[in-house]
Amino acid sequence: EQERQSLRVLLLQTAAPVRLLLAKYIATLAASALLLGTMIAMAMLWLGIGGHLHAAEVVVALVGHALHLAFMAAVACAAAAWTRSVAQATAVTLLFVLGSWGIDAAEGFAALAWLGSAAEWSITAHLHTFEHGILSVGDCAWFLAATGGSLALAFIGLRFDWPAYRRALGVCAVLFITLLLMKAAGKQPRAFDCTEAHRASLPPAAVMALRTLPMSISLTVHLDRDDARRRQLDLDVVSKLRLARPDVRVRYPLDERAASAEAARDEGYGRIEVCAGTTCKQTYS
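Residues numbered from 1 in each chain as written. Predicted model: local features only at pLDDT ≥ 70, side-chain atom pairs only at ≥ 80, totals over all residues. Heavy atoms only, no water.

With phi around 60°, Q5 is a residue other than glycine that occupies positive phi space. In this structure, Q5 sits in the segment before α1 (7-14). The exposed category is assigned to Q5, whose relative accessible area is 70%. Even without a glycine there, the phi angle at A197 is positive, about 60°. One can find A197 in the loop between β2 (191-193) and α8 (204-212). (Helix = DSSP H or I, 4+ residues; strand = E, 2+ residues; numbered from the N terminus. Buried < 20%, exposed > 50% of the residue type's maximum accessible area, 1.4 Å probe, protein only.)

This is the structure in structure tokens:
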């Protein structure tokens, strides 16, 4: 519509920019949903040849990618509303995706630890829990807030009848509110283990005991991003501990360094400090 210079005529004819935006967005979702159809077809094929799938776990994974798809469709609509051609809209959307991949590149590299503070804005980081069969309330809210903000930006882009200053103020307000909501959503710790036999959680007795402890729990991990032991700790301990106690605090002091210190191993490197209330213990295991 933009490229053929018919969008303004269509807006004048309908006099309903919200309805037009939703129609375009739903059409975009319908086309993009074909990607999910492929995943579902492969799952059905696997079941057809005698394979096993856990329904809840598969549904959670699909929900995560559906939320991701809805977000990217909203970003594409916003890009199309603000640009003048398909090529420009495609380029803007791809740059947005590449920016998220750039943040992902910091994972596992101490030399890129300075990007660690931006990890909460990575799309992949918020898909991680869904792909492991965990339904995270915070990650769902993060995608919904991002999708809503993108659609609001698309709406402002369609309002060619607004003066430039009003559109600029609208963009600033939408960005501020959206980023605030996304940051707040990312801090919601509540999550549900939907894996088969609850393999992503600690044993039920341990979960019950942890939840009855009246004191706070925190971990301080002195391991670099590129250390394989840290990834193993995150998968085997930290993620399970967070499911049992959403209020647990985990800190990685080495990520807070201003400069890279890759391969630097100070005395005490590798230790893990575990605190429950006022009692703290240290371990290298």
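We are not done yet, so read on.
Packing of helix α2 (residues 17-48) against helix α6 (residues 137-158) leaves a shortest axis separation of 10 Å and a crossing angle of 125°. Classified by the angle between their axes, α2 and α6 sit oblique to one another. In this structure, α2 crosses over α6, and the sense of that crossing is right-handed. Contacts between α2 and α6 pair P17, V18, L21 and Y25 from the former with T147, L151, A154, F155 and L158 from the latter. Split by residue class, the contact of α2 with α6 holds eight nonpolar, one polar and no charged. (Axes fitted to C-alpha atoms, helices over the stretch in contact; angles between N-to-C directions. Parallel < 35°, antiparallel > 145°, perpendicular 65-115°, else oblique. Left-handed = near helix turned anticlockwise from the far one by under 90°. Contact = heavy atoms within 4.5 Å. Nonpolar A, V, L, I, M, F, W, Y, C, P; charged D, E, K, R; others polar.)

Quick look at the packing of aromatic side chains now. How two aromatic rings sit relative to each other is set out by the distance from centre to centre and by the angle between their planes. Tallied over the entire structure, the rule returns five aromatic pairs. Each ring, one from F71 and one from F143, has its centre 6.4 Å from the other, and the planes form 65°; the classification is edge-to-face. Here F143 lies in helix α6 and F71 lies in helix α3 (residues 55-82), a separation of 72 residues in the sequence. On the basis of relative accessible area, F71 is assigned to the buried category, the value being 3%. (Phe/Tyr/Trp six-rings, centres within 6.5 Å; stacked < 30°, edge-to-face > 60°.)

This part is about α2. The end-to-end C-alpha distance of α2 is 46 Å, a good match for the 46 Å that 32 residues give at a rise of 1.5 Å each. The largest bend in α2 amounts to roughly 30° and is located at L35. Those residues of α2 lying buried are P17, L20, L21, Y25, S32, L36 and A43. Downstream of α2 by a residue or two, G50 has a phi angle that is positive, lying close to 100°. (Expected span 1.5 Å × (residues − 1). Bend = angle between axes of the 7 residues up to and from the residue.)

Turning our attention to the side chain of D227. Tracing the backbone shows D227 in the loop between β3 (217-221) and α9 (228-244). The class of D227 is buried, set by a relative accessible area of 10%. For D227, the side chain forms a polar contact with the side chain of R229, separated by 2.9 Å. (Polar contact = N/O pair within 3.5 Å; in protein donor to acceptor, adjacent residues only side chain to side chain.)

Turning our eyes to something else, we now look at the packing of α1 against α2. Viewed as axis vectors pointing N to C, α1 and α2 meet at an angle of 125°, and their least axial separation amounts to 9 Å. By the criterion of interaxial angle, the relationship of α1 to α2 is oblique. Touching L7, L10, L11 and T14 of α1 are P17, R19 and L20, all from α2. Classifying every residue of the contact of α1 with α2 gives five nonpolar, one polar and one charged.

Our next topic: the pairing of strand β6 (residues 279-283). Within a regular beta strand, the side chains point alternately toward one face of the sheet and then the other, so they alternate between its two faces. Where strand β5 (residues 272-276) meets β6, five bridges bridge the pair, whose relative direction is antiparallel. Of the residues in β6, the one forming a bridge with A276 is T279. A loop of two residues connects β5 with β6, the two strands running antiparallel in sequence, and G277 in this loop sits at a positive phi of about 70°. (Pairing = 2+ DSSP bridges.)

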